[in-house]
2 protein chains.
Amino acid sequence: MNIKEKFGFKVKELREQKEYSIEYLANISNVDRNYISDIEKGQRNVSIEIIEKIITALDTDFGAFFNDNNFKK
Amino acid sequence: MNIKEKFGFKVKELREQKEYSIEYLANISNVDRNYISDIEKGQRNVSIEIIEKIITALDTDFGAFFNDNNFKK
């Protein structure tokens, strides 16, 4: 998986753990619903500001979010 | 500090720890020298692919890079 896919995979994983719909995550993160859908498919080269919005909406932080074997060397 | 500034601050910190010049980091990360300079000033809403290039060039990974109080809730 490339970094976009890894990020999207993790967003989807956390969203589903919290039982949020894409619509709900879109609302609370203030990120467009279709954009989130693309992100989860690994199709978006997201900016750090969008990353922050999504991570915050998922009630986590950069440290915890990226503390995952997928993001380790 | 906003997220762009936090990211730039950390890049600069790690670059200086490794005693890399901006030119050297630009070469090994394949990211434009002026862009890195702007990033370190917190002026760039960097993409995740650029983040990956810089983090890899600094010989770290997402988990370690963001495992920093600056990036915690």
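An unreviewed UniProt entry lists chain A under the name XRE family transcriptional regulator, with Flavobacterium pectinovorum as the source organism.

With 19 residues of chain A in contact, the opposing surface of chain B contributes 19 residues. Overall, the association of chain A and chain B removes approximately 1900 Å² of surface from exposure, summing both partners, and the carbon and sulfur fraction of that is 62%. It is I3, I48 and K73 of chain A in chain A that bury the most area against chain B; as a group they hold 32% of the surface buried on that side. Put simply, chain A and chain B have four salt bridges between them. A salt bridge links E49 of chain A to K4 of chain B, with the shortest nitrogen-to-oxygen separation between them at 3.6 Å. Counting every contact that joins chain A to chain B gives 14 residue pairs in polar contact (both at pLDDT 80 or more).

Moving on, we come to the pattern of salt bridges. Here the structure, examined in full by the defined rule, presents 14 salt bridges over all chains. Of the charged contacts, one joins K73 of chain A and D59 of chain B as a salt bridge, the two residues approaching to 3.4 Å between their closest N and O atoms. Residue K73 of chain A is found in the segment after helix 5 (62-65), and its partner D59 of chain B is found in the loop between helix 4 (48-57) and helix 5 (62-65); the two belong to separate chains. Assessed through its relative accessible area of 70%, K73 of chain A is described here as exposed. Among the ionic pairs, E16 of chain B bridges to R15 of chain B, the shortest N-O distance being 4.0 Å. Looking at E16 of chain B, the relative accessible area reads 45%, which means it is partly exposed. The buried category is assigned to R15 of chain B, whose relative accessible area is 8%. Through salt bridges with shared partners, a single ionic network connects R15, E16 and E40 of chain A.

Moving on to the relation of the copies chain A and chain B. When chain A is fitted onto chain B, the two copies agree to an RMSD of 0.0 Å after a turn of 180° and an axial shift of 0.0 Å. The transformation relating the two chain copies, once decomposed into turn and shift, fits a two-fold axis. When C-alpha distances to the rotation axis are compared across chain A, the minimum falls at S47 of chain A, with a value of 2.1 Å. When you check the interface residues of chain A against chain B, 100% turn up at the interface there too, and the contact is symmetric in its surfaces.

Moving on, we get to the side chain of E40 of chain B. When you line up the elements, E40 of chain B lands in helix 3 (residues 33-40). Residues in contact with E40 of chain B, not counting those within four places in the same chain, are G8, F9, V11, K12, R15 and I22 of chain B.

Here we take up the packing of aromatic side chains. Within a pair of aromatic rings, the relevant descriptors are the distance that separates the centres and the angle that separates the planes. Inspection of every chain in the model, using the stated rule, returns 19 aromatic pairs over all chains. Ring plane angle 35° and centroid distance 5.0 Å describe the contact between F62 of chain A and F66 of chain B, whose orientation is recorded as tilted. Remark: F66 of chain B occurs in the segment after helix 5 and F62 of chain A occurs in helix 5; the pair is interchain, linking two chains. In this structure, F62 of chain A and F66 of chain B share a single accessibility class: buried.

Reading the values: the criteria
Residues numbered from 1 in each chain as written. Chains lettered and ligands numbered in written order. Predicted model: local features only at pLDDT ≥ 70, side-chain atom pairs only at ≥ 80, totals over all residues. Heavy atoms only, no water. Contact = heavy atoms within 4.5 Å. Buried area = accessible area lost by both parts, 1.4 Å probe. Salt bridge = Lys/Arg side-chain N within 4 Å of Asp/Glu carboxyl O. Polar contact = N/O pair within 3.5 Å; in protein donor to acceptor, adjacent residues only side chain to side chain. Helix = DSSP H or I, 4+ residues; strand = E, 2+ residues; numbered from the N terminus. Buried < 20%, exposed > 50% of the residue type's maximum accessible area, 1.4 Å probe, protein only. Least-squares fit on C-alpha atoms with pLDDT ≥ 70 in both. Phe/Tyr/Trp six-rings, centres within 6.5 Å; stacked < 30°, edge-to-face > 60°.

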